[in-house]
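Commentary on secondary and tertiary structure
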Amino acid sequence: MGRGDGEPAAASIAAAARSLRAGVEKSRALGQALARAGPRLDEIQLALPALEAAVRPIRAPRAELSAAGPHIDRAVGPAAAVLKVFDAVHGLEPPLLAGGAVAGDLPGYLAVLGRLEEALRFLSDNSGLAAQWLADIVEYLGDHDLADPRFLADLAVTLEGLEKPSGDLDGGLLAAALNMLEAEFRCLLAGHCSPLAMQQLNATSASVVPSLIPAATVHKLSLILDRLITNGRQDRCLSMYADARGGVVSASLCALGLDYLRNPFDDAQALGPGVELWGRHLEFVVRCLLESERQLCNKVFGKHKDGASACFAEVAGHAGVLDFLKFGHAAADTKKDPIKLLRLLEVFDSLNKLRLDFNRLFGGKKACAEIQSQTRDLVKLLVDGAVEIFEELLVQVELQRYMPPPSDGGVPRIVSFVVEYCNRLLGEKYRPVLAQVLTIHRSWRKEAFSDKMLVNAVLNIVKALEANFDVWSKAYDNVTLSCLFMMNTHWHFFKNLKATKLGELLGDVWLQEHEQFKDYYLTVFMRDSWGALSPLLNREGLILFSKGRATAKDLVKQRLKTFNASFDEMFRKQSAWVIPDKDLREKTCALVVQSIVPSYRSYMQNYGPLVDQDASANKYVKYTVDGLEKMLSALFIPRPRRVGSFQIRHSNDNITSPMTGLYRSASTVK
């Protein structure tokens with residue numbers, strides 16, 4: 001190869017080397033560029049699915065995209081409305097949660113609360129439906145491959161939760177507003193909880209005590225309670241109201257001093273003042289306190305009748321109505337005697353006067369079932385107990401026939417008691433009540449009863465007592481004392497029955513017979529006792545001329561001695577006898593003085609000088625005329641009897657006072 005040929009070859013090799021070097025440099029630069037572009041490619045790779053989803057509708061057929069448009073529009077419209085309401089709910093937060101908003105403007109607050117309730121009802125009714133429509137669109141897009149499946153799956157899960165929301169749609173705004181209403185309700189009640197001032201109780205007139213809660217406040221309470229009950233808070237409202245008003249009633253009753261309700265006497269006689277007080281207090285509680293509370297309860301609860309009934313029952317429990325009924329049961333459980341009959345009639349009368357009030361307040365309400373039951377039981381106990389005692393009174397009076405009469409000839413306490421007792425039974429206070437009790441009891445046995453039957457039953461008791469007189473009079477060994485006893489007893493009958501209802505029923509003829517019996521026994525008494533002393537001072541054989549003076553003196557001494565002995569004996573005996581009636585006692589003493597003193601005065605004036613000069617004159621002239629008159633005028637004055645001087649012996653030999661123990665069970669009478 002020549003030099004000329006070598007140069008072109010070298011040039012070609014050099015060019016090739018340069019070209020190769022340039023290619024290597026480019027490859028190195030490209031490699032470096034590729035190395036730098038690696039992460040970016042990864043980002044692009046990750047974004048490709050989203051880009052693919054975004055462009056898929058573009059790649060979808062135009063017809064399918066056009067068909068999906070109306071479906072989407074129909075679903076988005078309700079969803080937009082729901083979202084707008086949600087925004088409105090959030091806008092209600094400031095006026096509902098502002099401090100003092102309830103008390104400042106209750107009607108305005110309730111109006112805002114009403115808007116919230118309306119919005120929540122809309123959301124409750126429509127949010128699930130809107131979510132369902134959106135879910136249907138998601139399903140449609142997936143079925144037609146118009147969106148990314150993964151995106152649609154996530155969206156479906158979200159919508160499924162919206163179809164049945166588990167939490168508060170308002171984020172607890174309604175609950176917070178209701179809590180504020182409760183607080184205001186409690187505040188209004190607490191602001192009017194002062195106890196009612198108890199005025200002087202009057203058994204004959206008890207007017208309804210007006211509520212101390214102003215009408216405006218009652219209206220507020222009613223508005224709040226209605227809204228709370230509407231939102232399912234009835235139990236809490238009942239509890240708040242019952243506690244507040246029950247506390248007012250309890251505090252009001254404290255002023256009455258009702259401790260006696262829990263500690264009643266076991267004795268009917270001692271129970272009398274308690275029963276009277278019980279009747280007045282019960283009337284006040286029922287007709288004033290509870291009637292006022294019932295009216296208030298009805299106004300506050302308005303259309304919520306069941307709630308008003310349940311709440312009033314709770315308030316009535318604070319008023320201690322059951323304690324009053326238990327006291328009535330205690331009165332009915334006292335030991336039997338005639339006075340118990342009066343107590344039973346008094347308790348029955350008090351309940352009967354309040355019968356319509358009880359029916360209005362407690363009737364027909366399950367919440368007051370215990371009060372109804374206890375009242376029915378008490379009425380039956382009173383009726384049965386009263387009738388049992390009344391029907392046995394005649395037997396009890398007949399049993400007294402065999403008891404000893406008073407040793408002093410006075411009126412047996414049983415006579416005084418029965419006369420007064422029967423007059424009371426036929427008086428205006430007890431007669432209509434007893435007649436009603438007997439009528440009710442007979443109606444239970446499907447038997448008729450008339451007022452005449454009641455009158456005849458009482459008259460038979462009085463006549464049975466009258467029949468005891470003769471038996472008692474024969475129990476005296478001393479006939480004169482027997483006459484004094486009959487005089488006292490017949491006069492007591494006449495005087496204490498005259499001008500009475502019982503006396504009118506017995507009649508004037510019957511009464512006059514007792515007055516005549518009194519006069520008869522007084523005459524016999526005088527004749528057989530003091531009337532026998534005057535003849536002892538006779539003047540037979542008393543000759544005052546000189547030769548007979550000594551004989552006359554001896555006769556005067558003898559006759560004065562006999563008179564003194566008889567007088568002393570009679571005075572000693574009769575000093576232990578009594579005439580309880582003052583008028584009769586004064587009349588009898590006057591008759592005794594008249595039968596003795598004039599004869600004694602005349603005798604001493606004529607024959608006293610015969611013994612005055614005698615050394616033993618004091619032995620025969622024991623009394624001056626004035627002294628004798630004073631002694632006789634002081635006879636028959638009653639002294640306090642020992643308790644139980646006339647008592648009633650039961651078949652078991654237990655002795656009790658006739659005022660508290662005139663009772664023996666008919667089962668013990670043979």
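Treat the numbers as computed from the prediction; the structure is a model and nothing was measured.

This paragraph deals with the overall build of the protein. In terms of helices and strands, the protein carries 26 helices and 2 strands. Per-residue burial over the protein gives 42% buried out of 670 residues. Of the contacts made within the protein by residues no fewer than 6 positions apart, 82% connect residues no fewer than 24 positions apart. If you sum the accessible surface of the protein, you get close to 35,200 Å²; carbon and sulfur atoms cover 55% of it.

With their axes 9 Å apart at the nearest point, helix α15 (residues 369-399) and helix α17 (residues 431-444) run at an angle of 105° to one another. For the element pair α15 / α17, the angle class is roughly perpendicular. Contacts between α15 and α17 pair Lys 380, Val 383, Asp 384, Ala 386, Val 387 and Phe 390 from the former with Leu 434, Val 437, Leu 438, Ile 440, His 441 and Trp 444 from the latter. Of the residues assigned to the contact of α15 with α17, the class counts are 9 nonpolar, 1 polar and 2 charged.

With that out of the way, let us pick up the packing of aromatic side chains. According to the stated counting rule, one finds 21 aromatic pairs in the structure shown. Taken together, a centroid distance of 6.4 Å and an interplanar angle of 80° make the contact between Trp 472 and Phe 485 edge-to-face. Taken together, the positions of Trp 472 in helix α18 (residues 451-473) and Phe 485 in helix α19 (residues 479-497) put the pair 13 residues apart, joining distant regions of the chain. Ring centres of Phe 525 and Phe 636 lie 6.1 Å apart, and the angle between their planes is 65°; this geometry places the pair in the edge-to-face category. Within this pair, whereas Phe 525 is found in helix α21 (residues 508-528), its partner Phe 636 is found in the loop between α25 (625-633) and β1 (648-649), the two being separated by 111 residues in sequence. A residue is classified by how much of its surface remains accessible, and Phe 525, at 0% relative accessible area, is buried. The class of Phe 636 is buried, set by a relative accessible area of 1%.

Phi angles above zero are rare outside glycine, and Ala 499 is one such case at about 60°. Positive phi is not limited to glycine here, since Phe 636 has a value of about 70°.

In a regular helix each residue adds 1.5 Å, so 23 residues correspond to 33 Å; α18 covers 35 Å between its end C-alpha atoms and thus fits that length. Listed in full, the buried residues belonging to α18 are Leu 454, Val 455, Val 458, Leu 459, Ile 461, Val 462, Ala 464, Leu 465, Asn 468, Phe 469, Trp 472 and Ser 473. Structurally, α18 contributes buried residues whose contacts are with α15, α16 (413-425), α17, α19, α20 (501-506) and α21.

Next up on the list: the nonpolar core. Within the largest apolar cluster, 164 residues are counted, with the highest numbers of intra-cluster contacts made by Leu 181, Phe 301, Phe 362, Trp 530 and Leu 632. If you tally residues by element for this core, the top one is helix α10 (residues 268-301), at 15 residues. Once you skip the residues sitting within four places of it in the chain, Phe 301 turns out to touch Leu 225, Ile 229, Leu 238, Tyr 241, Gly 307, Ala 308 and Cys 311.

Applying the stated criterion across every chain, the model contains 27 salt bridges. Between Lys 303 and Asp 226 there is a salt bridge, with the nearest N and O atoms lying 3.8 Å from each other. With a gap of 77 residues between them, Lys 303 in the loop between α10 and α11 (305-318) and Asp 226 in helix α8 (residues 215-230) connect regions that are remote in the sequence. Asp 226 sits in the partly exposed class, given a relative accessible area of 24%. Where Glu 447 meets Arg 442, a salt bridge forms, and the shortest distance between an N and an O atom there is 3.6 Å. Residue Glu 447 is classed as partly exposed on the basis of its relative accessible area of 37%. Overlapping salt bridges bring together Glu 283, Arg 287, Glu 291, Arg 294, Asp 357 and Arg 360 as one network.

Take Glu 291: it is sitting in helix α10. Each C-alpha atom of the pair Glu 291 and Leu 361 lies 7.3 Å from the other, and the pair is 70 residues apart in sequence. A distance of 2.8 Å separates polar atoms of two side chains, one belonging to Glu 291 and the other to Arg 294.

To continue, consider the side chain of Thr 480. Topologically, Thr 480 is positioned in helix α19. Once residues within four sequence positions are removed from consideration, Thr 480 is found in contact with Phe 525, Asp 528, Ser 529, Gln 574 and Trp 577.

Our focus in this paragraph is α19. Compared with the 27 Å implied by 1.5 Å per residue over 19 residues, the 27 Å span of α19 between its first and last C-alpha is a close match. The buried fraction of α19 is high, at 16 of 19 residues. Where α19 begins, one side-chain oxygen reaches toward the backbone nitrogen of Thr 480, 2.8 Å away; that side chain belongs to Asn 478. Trailing α19 by a residue or two, Ala 499 shows a phi angle of about 60°, which is positive.

Below, the discussion takes up the side chain of Arg 585. Position of Arg 585 relative to the elements: it lies in helix α23 (residues 582-612). Only 3.4 Å separates the side chain of Arg 585 from the backbone oxygen of Pro 580, close enough to count as a polar contact. Those residues in contact with Arg 585, other than ones at most four positions away along the chain, are Ile 579, Pro 580, Leu 635, Phe 636, Ile 637 and Pro 638.

Within the fold, Thr 588 resides in helix α23. Relative accessible area serves as the criterion here: at 0%, Thr 588 is assigned to the buried category. As a C-alpha pair, Thr 588 and Thr 523 span 65 residues in sequence and 9.8 Å in three-dimensional space. If near-sequence neighbours (up to four positions away) are discounted, Thr 588 is found in contact with Met 487, Leu 522, Phe 525, Met 526, Ile 579 and Phe 636.

Attention now moves to the confidence of the model for the protein. Scored by pLDDT, the protein comes out at a mean of 79, with 69% of its residues at no less than 70. The lowest-confidence element of the protein is strand β2 (residues 655-656), averaging 36 in pLDDT; the highest-confidence one is α19, averaging 96. Contacts for the low-pLDDT stretch residues 643-657, under 50 throughout, to residues beyond four places or in other chains number 38 contacts.

Glancing now at the environment of Gly 272. Structurally, Gly 272 is set in helix α10. The exposure class assigned to Gly 272 is buried, which follows from its relative accessible area of 13%. Linking Gly 272 and Lys 340, residues 68 residues apart in sequence, is a C-alpha distance of 9.2 Å.

The N-to-C vectors of helix α12 (residues 321-332) and α15 enclose an angle of 20°; their axes lie 10 Å apart at closest approach. As the angle between them shows, α12 and α15 are arranged roughly parallel. By crossing handedness, the relation of α12 to α15 is classed as left-handed. Here Val 321, Leu 322, Leu 325, Gly 328, His 329 and Ala 332 of α12 come into contact with α15, specifically with Glu 370, Ile 371, Gln 374, Thr 375, Asp 377, Leu 378, Leu 381 and Leu 382.

Parameters and conventions
Residues numbered from 1 in each chain as written. Predicted model: local features only at pLDDT ≥ 70, side-chain atom pairs only at ≥ 80, totals over all residues. Heavy atoms only, no water. Helix = DSSP H or I, 4+ residues; strand = E, 2+ residues; numbered from the N terminus. Buried < 20%, exposed > 50% of the residue type's maximum accessible area, 1.4 Å probe, protein only. Contact = heavy atoms within 4.5 Å. Areas by Shrake-Rupley, 256 points an atom, 1.4 Å probe, with all protein chains shown as cover. Axes fitted to C-alpha atoms, helices over the stretch in contact; angles between N-to-C directions. Parallel < 35°, antiparallel > 145°, perpendicular 65-115°, else oblique. Nonpolar A, V, L, I, M, F, W, Y, C, P; charged D, E, K, R; others polar. Phe/Tyr/Trp six-rings, centres within 6.5 Å; stacked < 30°, edge-to-face > 60°. Expected span 1.5 Å × (residues − 1). Core = buried A, V, L, I, M, F, W, Y, C linked by side-chain atoms within 4.5 Å. Salt bridge = Lys/Arg side-chain N within 4 Å of Asp/Glu carboxyl O. Polar contact = N/O pair within 3.5 Å; in protein donor to acceptor, adjacent residues only side chain to side chain. pLDDT = per-residue confidence, 0-100. Left-handed = near helix turned anticlockwise from the far one by under 90°.

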